[in-house]
Amino acid sequence: MAQLLCEVSEGLRPAEATVKVHRLDGRAEFLPVDRGMVTKAGRKNYLAVGLIYLDEAQEAALIELPEEADSGANRLWVRRDHVRLLHESLNS
Amino acid sequence: MILSDREILAALARQAMFLTPCPPGGSLDWTSTALDLTLDAEIRPWDAEQLPENMLVDPCAADFSTNELIRRYTQPHDCTNGFAIPPKMLVLGWTAEKLKLPHTSKIAARVEGKSSLARLGLGIHVTAPTIHAGFGFDGRNPAYEGSPIRLEIWNFGPLHIKLTKGMPICQLIFEEVHGTPEKGYAGQFRLQGPVAPRPRPARRK
């Protein structure tokens, strides 16, 4: 499990949020999630995601979103420093 | 392999998945291979008359946000006392029940319509029934109950149909994921070519 840095705006109802995350190439991805999937840490918000692979050499991470993004993407390459690891969940 | 009602209850009991609230086994919400879910009060009807004529959307456009579009052109409704969906209208809704599928449980689900409503022309999703492992799961917060399922309710029939909070609106079918998904396999997932992958056209559900 991991968490991905995100920006949060209003959803379609109070229990829902629209989340914006950034791909490695800088492009924004939007997806609707239940607000419980977002954790606030200081001024930053993090979305619970699945961690598929860490590429430490390229400072990148491949993550799986909890819901399909509006672009149709389910998995994204993102910046490594946008990802918080909860447990060491990678297969070695 | 589709799980039977007994296997669904067993998976819930061993916390391989979570459904809140969950009707008791043997209640009328269960069938031998599925479980009925109910409609929550909040809905978002798309009103075609509110849209600009011949409005075009481009899901591949940078910064495209479906929620932003929906918020701009729809209004929330409360269907506690009923909402009549006319022919050809699309309504976004949510289940009252919340689902959590941990990544490790190797269970996926499909949300499907009910034949009783289908006979009237009412569909509850637009070709996107799959709920993947990891849905509604936050490993950092075990107390989190899970996420409701968003429904795309569409009236294909000729009648006005009343949607009411609490009505059985869809059914949930659980399937066992066979094998282990490829994960952390460096050869499969190593970032190829330039550091920044090229944007690709959006895939359809």
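The following refers to the structure shown. (Residues numbered from 1 in each chain as written. Chains lettered and ligands numbered in written order. Predicted model: local features only at pLDDT ≥ 70, side-chain atom pairs only at ≥ 80, totals over all residues. Heavy atoms only, no water.)

## Some remarks on the overall build of chain A
For chain A, the count of helices and strands is zero helices and eight strands. Taken from N to C terminus, the helices and strands of chain A fall in the order β-β-β-β-β-β-β-β. The C-alpha atoms of chain A give 13 Å as radius of gyration, which agrees with the globular expectation for 92 residues (12 Å, within 12%). When its C-alpha atoms are laid out on the principal axes, chain A stretches across 40 × 25 × 20 Å. Looking at the 92 residues of chain A, the share that counts as buried comes to 62%. Pairs at least 24 residues apart make up 46% of the contacts formed inside chain A by residues separated by at least 6 positions. When the accessible surface of chain A is summed, it comes to about 3700 Å², and 45% of that surface belongs to carbon and sulfur atoms. The positive charge centre, built from 12 side chains, and the negative charge centre, built from 15, are 6 Å apart in chain A. (Helix = DSSP H or I, 4+ residues; strand = E, 2+ residues; numbered from the N terminus. Rg over C-alpha atoms; globule rule 2.2 N^0.38 Å. Buried < 20%, exposed > 50% of the residue type's maximum accessible area, 1.4 Å probe, protein only. Contact = heavy atoms within 4.5 Å. Areas by Shrake-Rupley, 256 points an atom, 1.4 Å probe, with all protein chains shown as cover. Lys, Arg positive; Asp, Glu negative; His and termini not counted. Charge placed at Lys NZ, Arg CZ, Asp CG, Glu CD.)

## Thoughts on empty space enclosed by the protein
Evaluation of the coordinates by the stated rule reveals one cavity of 30 Å³ or more. The computed volume of the largest cavity comes to approximately 40 Å³. Residue lining of the largest cavity: R27, A28, E29, F30, D70 and S71 of chain A together with P59, A61, A62, D63 and F64 of chain B, and that is the complete set. (1 Å grid on protein atoms, 1.4 Å probe; cavity = no way out; pocket = protein on both sides within 12 Å on 5 of 7 lines; lining within 4 Å. Points joined across faces, edges and corners; volume = space filled by probe spheres on them.)

## Considering the pattern of salt bridges
Using the criterion set out here, one finds 14 salt bridges over all chains in the structure. The partner of E42 of chain B in a salt bridge is R13 of chain A, and the shortest N-O contact between them spans 2.9 Å. Of this pair, E42 of chain B sits in strand β2 (residues 35-45) while R13 of chain A sits in the loop between β1 (2-10) and β2 (16-22), which puts the two residues in different chains. When the shortest N-O distance is used, the salt bridge between E68 of chain B and R72 of chain B registers 3.1 Å. Of this pair, E68 of chain B and R72 of chain B both sit in helix α2 (residues 66-73), separated by four residues, roughly a single helical turn. In this structure E68 of chain B comes out as partly exposed when scored by relative accessible area, which is 42%. R72 of chain B gets classed as exposed once you look at its relative accessible area, which sits at 52%. (Salt bridge = Lys/Arg side-chain N within 4 Å of Asp/Glu carboxyl O.)

## Quick look at the state of the cysteines
Counted according to the given criterion, the structure contains zero disulfides over all chains. In this structure C170 of chain B is a free cysteine whose sulfur lies 13 Å from that of C79 of chain B, the closest cysteine sulfur available. (Disulfide = S-S within 2.5 Å.)

## Some remarks on the nonpolar core
Among the nonpolar cores identified, the biggest contains 37 residues, and L163, I169, L172 and F174 of chain B are the most heavily contacted of them. Listing elements by their share of this core, those giving two or more residues are α1 (5-13), β2, β4 (83-85), β5 (90-100), β6 (107-112), β9 (147-155), β10 (161-163) and β11 (168-176) of chain B. Filtering out sequence-adjacent residues up to four positions away, L163 of chain B remains in contact with L39, C79, G82, F83, I85, V91, L122, I153 and I169 of chain B. Membership of the second largest hydrophobic core comes to 25 residues, among which are M37, V38 and A69 of chain A together with Y144 of chain B. (Core = buried A, V, L, I, M, F, W, Y, C linked by side-chain atoms within 4.5 Å.)

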